[in-house]
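# Residue-level structural notes
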Amino acid sequence: MGRYIILSMRQKSNGYWYIRERVPVDVQGVIGKKYFERSLKTKDKDEAAARAIDAKAELAAQVAEARLKLAPKRKDDTELKHRDHYAFADMVIDYQDELIGNTRDISEYIEYLKGYAPDMAASKDAADRLLLDFLTARKIPLSPNSKAFKGISTALQSKWVAILKTLAYRGGNNWGQATDTSLTSEHLSEAGRSLLDNSVSISELYDEYKAEERATTPKNKQTTLTERFRAVDQVVRLFGDYMGGDVSVRRVTSQDASNFLSKLVMRPVTKKPDVKAQSLDKQIELAAKQDMPRVALKTVKKDMRLLQAVFTYAVDKHYIKENPFAGALKRIDRKVSAAPVKKTGYSDEDVKKAFSSDLFRTRYQPVRANDADYSSAFFWVPLICYYTGARLNEVAQLHLTDVRQEEGIWCIDINSASDDKRTKNGLSRVVPLHQHLIDLGFLEYIEEGKRQHSLKHTATSHRVFPELRPNADGSLAANLSKAIGRRLKASGIAPTLQPVHGFRHAFKTACRRLNVPEDVHDAITGHSGTSVGRTYGGIGVATANDVVQCIERVKLPVSHFTELK
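Below is a summary of the structure that appears in this document. No experiment lies behind these values; they were computed from the predicted model shown.

What follows deals with the overall build of the chain. Helices and strands together make up the secondary structure of the chain, namely 25 helices and six strands. Counting across all 565 residues of the chain, residues that qualify as buried make up 46%. If you take every contact in the chain between residues at least 6 apart in sequence, the share linking residues at least 24 apart comes to 67%. Carbon and sulfur atoms make up 50% of the accessible area of the chain, which amounts to about 28,400 Å² in all.

Next up, the structure:
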């Protein structure tokens, strides 16, 4: 269980658990309270911890929506350096010189200036109005209520004499004399350049992108979104380091994207946080020094797609005209196509090794007191994935009621009909159970689960695998995948395999060997791109069942799950 969940849970004197979280100060006015408090309606700590996941997700969604509502108009929150104030003040003065040069008679400009400063003297009001005219002419959307605006106005007041000198030069027909200014756009910080460009910085763009994604994503998809943002956070940070700081998105070119891609492919494979925290150049240097393996091209492609999504948002918001990552993605697509195919599915020999492992001989027994109890999931989950081609999370989240008969055929109903379930493409499907699963006692296992649930309702007793607990991101499958993977790899399967996901590939391979039409096995496995529904586009569950029953039975050390030692 994620530590932050435990820390936010409290128990009342009557024994009931509840969650209490402080609402961030910046959104307390919108949400209408300082604390988010929700009863978890149980005295059982494990049940409370499971329910706390949903409560935390609800708070995160409320905060994201509130922040989107509070988002200031563009550039209200821009923070400029002191030098930026004076650089912009000099640009306003140069703009006054430009106005003088565009008049037919200098008296026209004098009338214009007197309209703001009747006595031609410096004042806050006069400086504010000249600055607003400049911002409007240059289409720079800076709010008069912002600190940046006030800083520039103050700098302009201190340099007011430069405007009067310029007026005197031009009134005396001295057009060769330069204005009394020394700073230009070249002296601006990244924030100043971003403001002048009427653009946003990389971090500002990413913050906007995340806020809108969170506010528009359904509650049951928030966990997936959080996992995706973790990956995007990393690649955005690396790209910012590569660009030399938090630059304006308008400064990002296709050449930058291409060069960044060239560096990404040299990044090492590592799970060490201290290595991941280093800059891209440092990681590449370390990889070369220690001869570390480099990331797969498919991983690089995924990273580039994440960046492309962020910059597509910039195009949609009209911050930039074209996505600089589009061309780089075509390049990586070509590289991926030309790369050797990595083994993803089980060979016949791998299948034999996997299903003769201890997972299918003995009952799982936690070694240490704090070890997760995977109970029967170790036995059933790999088998269900192998015989149905389902994704691990789809199997891990099944409810007892999802195992049912359809047209007289026993099936699992893969759906997102409740908050604790989700499907990758949002579509539901029913998948027939292989007869081997039934012979092994799966239906008996389900009946016992229903009996236990009727005797004692808990937060997880309605699930097929009630012992599974979500990680900090709310995933039931993440830790289970690692635990099963370690044991299957110990059985001697190919080291390049993704142990659990490999069963999904094995199912697809078996279907191709049987000459099953692609649209049929795509429908059974829930692959995207198919338009079929719950009855396989009119093919019928019976036909799908014929396909599933043709999958060759695996040889196990036991003939029934009760024989596990």
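Next up on the list: the sheet that holds strand 4 (residues 403-406). Taken in spatial order, the three strands make up an open sheet running 4-5-6, and their pairing is antiparallel. With one partner strand each, in any of the chains shown, strand 4 and strand 6 (429-432) form the two edges of the open sheet. Here the average twist between neighbouring strands, direction ignored, is 45 degrees. Bridge analysis of strand 4 against strand 5 (residues 409-414) gives four bridges, and the strand direction is antiparallel. Bridge assignment links Val403 to a residue of strand 5, and that residue is Ile412.

Moving on, we get to the packing of helix 11 (residues 222-243) against helix 12 (residues 254-264). Contact geometry for helix 11 and helix 12: axes closest at 11 Å, N-to-C directions at 115 degrees. If you check the angle between helix 11 and helix 12, you find them roughly perpendicular. For the crossing formed where helix 11 meets helix 12, the hand is right-handed. On helix 12, the residues touching Val235, Leu238, Phe239, Tyr242 and Met243 of helix 11 are Asp256, Asn259, Phe260, Lys263 and Leu264.

Another aspect to go through is a positive patch on the surface. Together, Lys271, Lys276, Lys482, Arg486, Arg487 and Lys489 make up a positively charged patch on the protein surface. Among the elements that take part in the positive patch, helix 22 (residues 478-490) stands out by supplying four residues, more than any other. Residue class for Arg487 comes out partly exposed when judged on its relative accessible area of 35%.

Turning our eyes to something else, we now look at the packing of helix 6 (residues 124-137) against helix 7 (residues 147-158). Two elements in contact, helix 6 and helix 7, have axes separated by 9 Å at closest approach and are oriented at 115 degrees. In this structure, the crossing between helix 6 and helix 7 has a hand that is right-handed. For the pair formed by helix 6 and helix 7, the contact residues are Lys124, Ala127, Asp128, Leu130, Leu131, Leu132 and Leu135 on the first element and Phe149, Ile152, Ser153, Leu156 and Gln157 on the second. Considering only residue class, the contact of helix 6 with helix 7 consists of eight nonpolar, two polar and two charged.

What counts and what doesn't
For every chain, the first residue of the written sequence is number 1, and numbering continues from 1 along that sequence. The predicted origin of the model limits local features to residues at a pLDDT of at least 70 and limits the giving and counting of side-chain atom pairs to 80 or more, whereas totals for whole chains, interfaces and linings rest on all residues. Side-chain calculation: all heavy atoms of the structure are included, whereas hydrogens and water are not. In this text, helices come from DSSP runs of H or I with a minimum length of four residues, and strands from runs of E with a minimum of two, each type numbered from the N-terminal end. Each residue gets one of three labels from its accessible area relative to the maximum for its type: buried under 20%, exposed over 50%, partly exposed in between, using a 1.4 Å probe on protein chains only. In what follows, residue pairs with any heavy atoms lying within 4.5 Å of each other are defined as contacts. All accessible areas in this document rest on Shrake-Rupley with a 1.4 Å probe, and a residue is counted as covered only by the protein chains that are shown. Pairs of strands are assigned from DSSP output, requiring at least two bridges between the strands. Note on geometry: axes are C-alpha line fits, over the in-contact stretch for helices, and angles between N-to-C directions span 0 to 180 degrees. For classification, angles of less than 35 degrees are called roughly parallel, those exceeding 145 degrees roughly antiparallel, those between 65 and 115 degrees roughly perpendicular, and all remaining angles oblique. A crossing counts as left-handed when the near helix is turned anticlockwise from the far one by less than a right angle, and as right-handed when that turn is clockwise. Two distance rules govern patches: like charges are joined within 9 Å, and nonpolar side chains (Val, Leu, Ile, Met, Phe, Trp, Tyr) within 5 Å, applied only to residues with over 30% relative accessible area and no salt bridge. For salt bridges, the criterion is a side-chain nitrogen of Lys or Arg within 4 Å of an Asp or Glu carboxyl oxygen. For the purpose of counting charges, residues Lys and Arg are taken to be positive, whereas Asp and Glu are taken to be negative. His and the chain ends are not included. All charge positions are set by atom: Lys at NZ, Arg at CZ, Asp at CG, Glu at CD. The classification used treats Ala, Val, Leu, Ile, Met, Phe, Trp, Tyr, Cys and Pro as nonpolar, Asp, Glu, Lys and Arg as charged, and all other residues, Gly among them, as polar.

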